[in-house]
Amino acid sequence: MDRRSTEKKSVEEDASASYIYAEHDGKKYRVPYGIIKHVVFRNIKKSELVDLQHAARLQYRLLLMEPVIKATVSFVKSEISILYNPVGADNSKPKASLEELKEFLKKEGINVDEKSIEEKDFDYRHFYTYAFSPKEVRDRPPYTYTQEEWRKMKPEVMRKKGESAKKKWERFLEWQKKYEEEHKDKL
Amino acid sequence: MAENMNEKTIQGVKAKEEDITAPYHRTMEELEKMPVLSKTKTICPECKLIIDGIIYRDGDYVMIRKYCPEHGWFIEKYWEDYEMYEKMSKYGYVGRGIANPNYQVLGENCPFDCGLCERHKTHTALANIVVTNRCHLSCWYCFFYAKEGEPIYEPTIEEIERMLIDLRNEKPVATNALQITGGEPTLREDIVDIVRLAKKVGFDQIQLNTTGINLGYNPDLLVKLREAGTSTLYMSFDGTTKKTNPKNHWEIPLILKAARKAHIGIVLVPTVIRGVNDNDLGNIINFALNNIDIVRSVNFQPVSLVGRMPTKLREQQRITIPGAIKLIEEQTNGVIRKEHWFSVPYTGGIAKFLEALTGDYTYDLSIHFACGAGTYVFLDKDNKVIPITEFLDAAGLLEYLQEKVDEMEGKSKLARKMIAAKAVLGIGKFIDKEKQPKGFNILGMLSSIFTKHNFEALGRFQMKSLFLGMMHFQDEYTYDIARVEKCDIHYVMPDGEVLPFCTFNVFPEVYRDKIQNQYSIPAKEWQKSHPEWSYAKDKYMRNVKELESNPLYYETYGKLVDFFALPVNGGKGVKNFTKIEREVSKIGV
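What you see is a predicted model, and the numbers here were worked out from it, not measured in a lab.

## A closer look at the pattern of salt bridges
- In the structure shown here, the tally under the stated rule is 47 salt bridges over all chains.
- Taking the shortest distance from any N to any O, the salt bridge between Asp360(B) and Lys161(A) comes out at 2.9 Å. Of this pair, Asp360(B) sits in the loop between α11 (348-358) and β13 (372-379) while Lys161(A) sits in helix α5 (residues 147-182), placing the two residues on different chains.
- The class of Asp360(B) is buried, set by a relative accessible area of 18%.

## Remarks on helix α10 (residues 321-331) of chain B
- Across the 11 residues of α10(B), 8 count as buried, placing the element largely inside the fold.
- Listed as buried for α10(B) are Ile321(B), Pro322(B), Gly323(B), Ala324(B), Ile325(B), Leu327(B), Ile328(B) and Gln331(B).

## Let's talk about the side chain of Lys95(A)
Residues and elements named next belong to chain A.
- The residue lysine 95 is located in the loop between β5 (79-84) and α3 (98-107) in this model.
- A polar atom in the side chain of lysine 95 sits 2.4 Å from the backbone oxygen of asparagine 91.
- A polar atom in the side chain of lysine 95 sits 3.1 Å from the backbone oxygen of lysine 93.

## Structural notes on the sheet that holds strand β2 (residues 50-58) of chain B
All names here are of chain B.
- Across the sheet, 4 strands lie side by side as β1-β2-β3-β4; this open sheet has antiparallel pairing. Each of the sheet's edge strands pairs with one partner strand only, and the pair in question is β1 (36-43) and β4 (72-79). Averaged over all adjacent pairs, the angle separating strand axes in this sheet is 30°, with direction ignored.
- Sheet topology places β1 next to β2; 7 bridges connect them, and they run antiparallel. For serine 38, the partnering residue across the bridge sits in β2 and is isoleucine 55.
- Helix α2 (residues 82-89) contacts β1, β2, β3 (61-68) and β4 of the sheet and is inclined by roughly 75° relative to β4.

## Here we look at the packing of α5(A) against helix α6 (residues 219-228) of chain B
- As a packed pair, α5(A) and α6(B) sit with axes 9 Å apart at the nearest point and diverge in direction by 155°. Comparing their axes, α6(B) and α5(A) come out roughly antiparallel. Counted together, Phe172(A), Trp175(A), Gln176(A), Tyr179(A) and Glu180(A) of α5(A) and Val223(B), Arg226(B), Glu227(B) and Ala228(B) of α6(B) form the full contact between these two elements.
- Residue classes in the contact of α5(A) with α6(B) are distributed as 5 nonpolar, 1 polar and 3 charged.

## A few points about the interface of chain B and chain A
- Facing the 81 residues of chain B at the interface are 71 residues of chain A.
- Carbon and sulfur atoms make up 50% of the area that chain B and chain A hide from each other, which totals about 6600 Å².
- Broken down residue by residue, the surface that chain B buries against chain A is led by Arg162(B), Glu227(B) and Tyr361(B), which jointly contribute 12%.
- Between chain B and chain A we count 6 salt bridges in total.
- Inspection of the chain B/chain A interface yields 35 residue pairs in polar contact (both at pLDDT 80 or more).
- Of all the secondary-structure elements, those providing two or more residues to the side of chain B that touches chain A are α3 (157-168), α4 (191-201), α6, α7 (252-262), α11, α13 (413-426), α18 (512-518) and α19 (523-529) of chain B.

## Focus: a negative patch on the surface
All names here are of chain B.
- Where like charges cluster on the molecular surface, the negative patch consists of Asp393, Glu399, Glu403, Asp406 and Glu409.
- Tracing the backbone shows aspartate 393 in the loop between β14 (385-387) and α12 (394-408).
- Given a relative accessible area of 39%, aspartate 393 falls into the partly exposed group.

## Thoughts on the domain arrangement of chain A
- Domain annotation for chain A reports domain 1 (20-131) and domain 2 (142-187).
- Each of domain 1 of chain A and domain 2 of chain A has a C-alpha centre, and these two points are 43 Å apart.

## Notes on the pairing of strand β16 (residues 489-492) of chain B
Residues and elements named next belong to chain B.
- Along β16, one buried face is formed by Ile489 and Tyr491 and the opposite face, lined by His490 and Val492, is buried too.
- Here 3 bridges tie strand β5 (residues 126-130) to β16, and the two strands are oriented parallel to one another. Following the sheet pairing, alanine 127 is matched in β16 by histidine 490.
- Summarising the sheet, β16 and strand β17 (residues 498-500) pair through 3 bridges and their orientation is antiparallel. From the neighbouring strand, histidine 490 faces β17, where its bridge partner is proline 500.
- Adjacent in sequence and paired antiparallel, β16 and β17 are bridged by 5 residues, among which glycine 496 carries a positive phi angle near 95°.

## Points about the pairing of strand β2 (residues 27-31) of chain A
Residue and element names in this part refer to chain A.
- Pairing of strand β1 (residues 20-24) with β2, which is carried by 5 bridges, proceeds in the antiparallel orientation. Counted as the bridge partner of glutamate 23 is lysine 28 from β2.
- Where β1 folds back onto β2 in an antiparallel hairpin, the turn is made up of 2 residues, including aspartate 25, whose phi is positive at roughly 55°.

Scoring rules and cut-offs
Residues numbered from 1 in each chain as written. Chains lettered and ligands numbered in written order. Predicted model: local features only at pLDDT ≥ 70, side-chain atom pairs only at ≥ 80, totals over all residues. Heavy atoms only, no water. Salt bridge = Lys/Arg side-chain N within 4 Å of Asp/Glu carboxyl O. Helix = DSSP H or I, 4+ residues; strand = E, 2+ residues; numbered from the N terminus. Buried < 20%, exposed > 50% of the residue type's maximum accessible area, 1.4 Å probe, protein only. Polar contact = N/O pair within 3.5 Å; in protein donor to acceptor, adjacent residues only side chain to side chain. Pairing = 2+ DSSP bridges. Axes fitted to C-alpha atoms, helices over the stretch in contact; angles between N-to-C directions. Contact = heavy atoms within 4.5 Å. Parallel < 35°, antiparallel > 145°, perpendicular 65-115°, else oblique. Nonpolar A, V, L, I, M, F, W, Y, C, P; charged D, E, K, R; others polar. Buried area = accessible area lost by both parts, 1.4 Å probe. Patch = residues over 30% accessible without salt bridge, like charges linked within 9 Å, V, L, I, M, F, W, Y side chains within 5 Å. Areas by Shrake-Rupley, 256 points an atom, 1.4 Å probe, with all protein chains shown as cover. Lys, Arg positive; Asp, Glu negative; His and termini not counted. Charge placed at Lys NZ, Arg CZ, Asp CG, Glu CD. Domains from an automatic or database assignment.

See the structure below:
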């Protein structure tokens, strides 16, 4: 499959594209996609993925395709997971069909198991929203402190941090006031 | 690329020993005898397959070689000085990474899993945010700016705010330093609002990455930017002559004047290319010393050869950090020598000391040692140029601090304070007071850093000194995944991802360009919503005659003092020192 869009209408020509928005905290943020597709190809033969390194390169090649938004090729799990912009999606970006993805994978030596394909709609806004608020996966203590020590001292350290940030901001405002006086003819 | 490693030479000509390209043309037999220093993972520059890389010693050079089963051998310079490699590698350590990465994956497919993932070993120390892909220049080597008719990438201020908050929410260390970049960020009419917003969100350090040209012509804008909270201008400066710096040579005088009026510091940023401007490095430092009142730092960037280029040209133009450092030594006649430089993770010792003392997370510059190096030089009352390690036993101080860090482990808060107090009293023995710059109190400044528990005292430190930095970003030939996973210079993306510099820029087709294109607006649509705008209006047209006839031009380039020619600095003068002569007849004055 040509790595560019299969859509005849190019992005450049579509000057009247409507916008899609994600909402957060009462504000709207323009995003390029709304409902897209998430497809997972499972039970890929390890011999076709070859090894970890070739799996990584396949991931890179999938990412080169404009309609592919995210791709993960896991040699360990023997699966390929793709977020892509499907034909028919209501946006102005390059699109692809599932068949085109399968065809691309075939050219790369991957024969997908039709029975193990899982595809569903995916709201891009979930991906977008999560990216801005990822969860904490670890809480390592500062150097030379144990986890237990850190657990006890953390509230106090965070409180002092907040105070220090406030003082820093006040110092900046003081500096800013002085600067404004010195440069009032230019501001 | 070496085509047949079994032949005596690759190109049919035996390289001379002093030929800088000789290490590229060894036979397989010669290579196998060379000591292996380490092994790493890298990529094939042609097909991006992840392959093994062998870092080895070839005489004074440190090289990397790699073999792709489909594209054969690739050899590239890794570091151009084995002694420096040995010294700098001592200071490497593994940082604590990020507690809330975007991707809870272990980076099985690094560097194609980026965003960041759990595998990443260093927090964001400096975040870049691209605020526009419009630019007023059209530099032939640049891939960043939008060509005519191409989509415009320019996030709204709300989108920018979200990205900035994203950075400040990073744990355990919130990103504190921001570089606003582009394209040319000053093309945005709301650039002052962006800076104000960044300050409000909590960034201490805000740099503006700019050609400076718009600011030279509009000094009031620079005052507004300073007032809003811009700390420094991060300004391209490829050399001291028209030939070495065609980008903004003529506007530099205006920019310096505007910066002085606005009281804003400048970081000069030369991209160093062997055979192009590598003969001007000493001059660049001399120029900075001449403007030390306003220039805070020179940050040399040995070129990254991203994209396709003929092998021979790549071999000739390649320069690495030690290569640039050695040229500086040569061009300053040994006043600034290679032993004066340290790798960036050296500062980790100081950060760990502060963290052990306070129990609060500190900026942890645990990048790979091969990514960056630096030193400070002072200009004392007699105009003597004094690198910091002439009077400060930096290595000894670091070992001393590490001992104190080890002592603090398991101790109470009070005991730690006592250890720290003793440590501060003991710093004096690492300073040679006879050699320290006259009029400076280095001990006082260092003590201030340790007693105030932060680096704010460094601001005063920098006012009387010049920081010289080296930052070598990777390309497909030098790519070392071990360096990428420790990178601390990141880009924040409009989709919420955070990307290391050397994935964002080395693989733009799957990162930078891909994501920016997703969030770009077609040129026609942009035109509709910005009826006053045109591509041509963005572009800068230089009037060379007018700029050269400005008295400021002669002030800046004609009255340079060669500090290295002063007897106190050895008297030999900086190599290739040039200053312009006023040609009255040509300028009609």
